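Notes for the structure review
Letter by letter, the chains look like this.
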Amino acid sequence: MMTGRRLVILALVLALVQIGFLSWIIGGRAAILRNGKEVLLKIEPVDPRDLLRGDYIILGYDISRIPLKMIANIPPDKISTDDTTIIVRLKKGVDGYWTPTTAWFGKAPTPAAADEADISGHVAEGWDLRSEGATIAPDYGIERFYLPEGEGLAIQNDMRVRPFGIRLALAADGSAQIKALVDGDKTLFEEPLY
């Protein structure tokens, strides 16, 4: 049987492990936001509300649907496997927004140039990769942005009449974090580092 002292020590060790793990997650996100390569993507809204968490917008991007013809290394079995990684190379356009130029399953064969950036996503199992005109829908972890209560519907309506964007920070491995929601040159909401 454990004594009271052992239980206290065990509880403290467990608490320190949990605090360390949470700090590691928060620190990793903050490092991407602070040091990642910044890109701007055009967005289009899908849905403005979550009953449990408040207003949000589900975001669609040019990179939300990747044509199969853009993928340079389609696997021979022609079906995506469980949680296939996809790297999408982005290039900055004259309008300031970044758009996809090519993609690879797994890793990019060459590093991105100075005017390019790679974003990493995941493709769910079972996408049929045989049809040349088909597209796939990767998940990048940046498809939802939460807003202050009461702001979602107004912003969604504004998005239907003028372009909005999401400013991202990209880590060297292509991991993405949303930095800010922008309306033209105006930053509407910025994510805090911590």
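Up top you'll find the structure we're talking about.
Below, the structure is looked at part by part. (Residues numbered from 1 in each chain as written. Predicted model: local features only at pLDDT ≥ 70, side-chain atom pairs only at ≥ 80, totals over all residues. Heavy atoms only, no water.)

When its secondary structure is counted, the protein shows two helices and 12 strands. Starting at the N terminus and ending at the C terminus, the protein contains elements arranged as α-β-β-β-β-β-β-β-β-β-α-β-β-β. Dimensions of the protein, computed from the C-alpha atoms along their principal axes, are close to 65 × 45 × 35 Å. By the burial criterion, 37% of the 194 residues in the protein qualify as buried. Nonlocal contacts in the protein, meaning residues at least 24 apart in sequence, comprise 66% of its contacts between residues at least 6 apart. (Helix = DSSP H or I, 4+ residues; strand = E, 2+ residues; numbered from the N terminus. Buried < 20%, exposed > 50% of the residue type's maximum accessible area, 1.4 Å probe, protein only. Contact = heavy atoms within 4.5 Å.)

Turning next to the side chain of R89. Structurally, R89 can be placed in strand β5 (residues 84-92). Excluding residues that lie within four positions of it along the chain, R89 makes contacts with T99, P100, T101, T102, W104, A108, T110, P111, A112, E116, A117 and D118.

The subject of this paragraph is the packing of aromatic side chains. Using the criterion set out here, one finds one aromatic pair in the structure. Ring plane angle 35° and centroid distance 5.9 Å describe the contact between F21 and W24, whose orientation is recorded as tilted. Highlighted residues: F21 and W24, both in helix α1 (residues 4-35), separated by three residues, approximately one helical turn. On the basis of relative accessible area, F21 is assigned to the partly exposed category, the value being 49%. Here W24 falls in the exposed class, since its relative accessible area comes to 63%. (Phe/Tyr/Trp six-rings, centres within 6.5 Å; stacked < 30°, edge-to-face > 60°.)

Attention shifts here to the nonpolar core. Counting residues in each nonpolar core, the largest one holds 39 residues, and the members touching the most others are I119 and L181. Mapped onto this core, the elements with two or more residues apiece are β1 (37-45), β3 (54-60), β5, β6 (98-105), β7 (116-123), α2 (152-159), β10 (164-170) and β11 (176-183). Element by element, the count of residues in this core is highest for β11, at five residues. (Core = buried A, V, L, I, M, F, W, Y, C linked by side-chain atoms within 4.5 Å.)

This part takes up the environment of A180. Its location among the elements puts A180 in strand β11. For A180, the residues in contact, after removing those within four places along its chain, are G165, I166, R167, T187, F189 and E190.

Here the focus is the pattern of salt bridges. Considering all chains together, one arrives at eight salt bridges under this definition. The closest approach of N and O atoms between D118 and R89, which form a salt bridge, is 2.6 Å. Residue D118 is found in strand β7, and its partner R89 is found in strand β5; the two are separated by 29 residues along the sequence. The pair formed by D118 and R89 is uniform in burial state, with each residue classed as buried. With its nearest N and O atoms 2.8 Å apart, the salt bridge here joins R130 to D128. The class of D128 is partly exposed, set by a relative accessible area of 36%. When salt bridges that share partners are traced, they join E38, R167 and K179 into one network. (Salt bridge = Lys/Arg side-chain N within 4 Å of Asp/Glu carboxyl O.)

For α1, which comprises 32 residues, the first-to-last C-alpha distance of 46 Å matches the rise-based estimate of 46 Å (1.5 Å per residue) to within 8%. Residues of α1 that are buried: A30, I32 and L33. Contact partners of the buried residues in α1: β10 and β11. (Expected span 1.5 Å × (residues − 1).)

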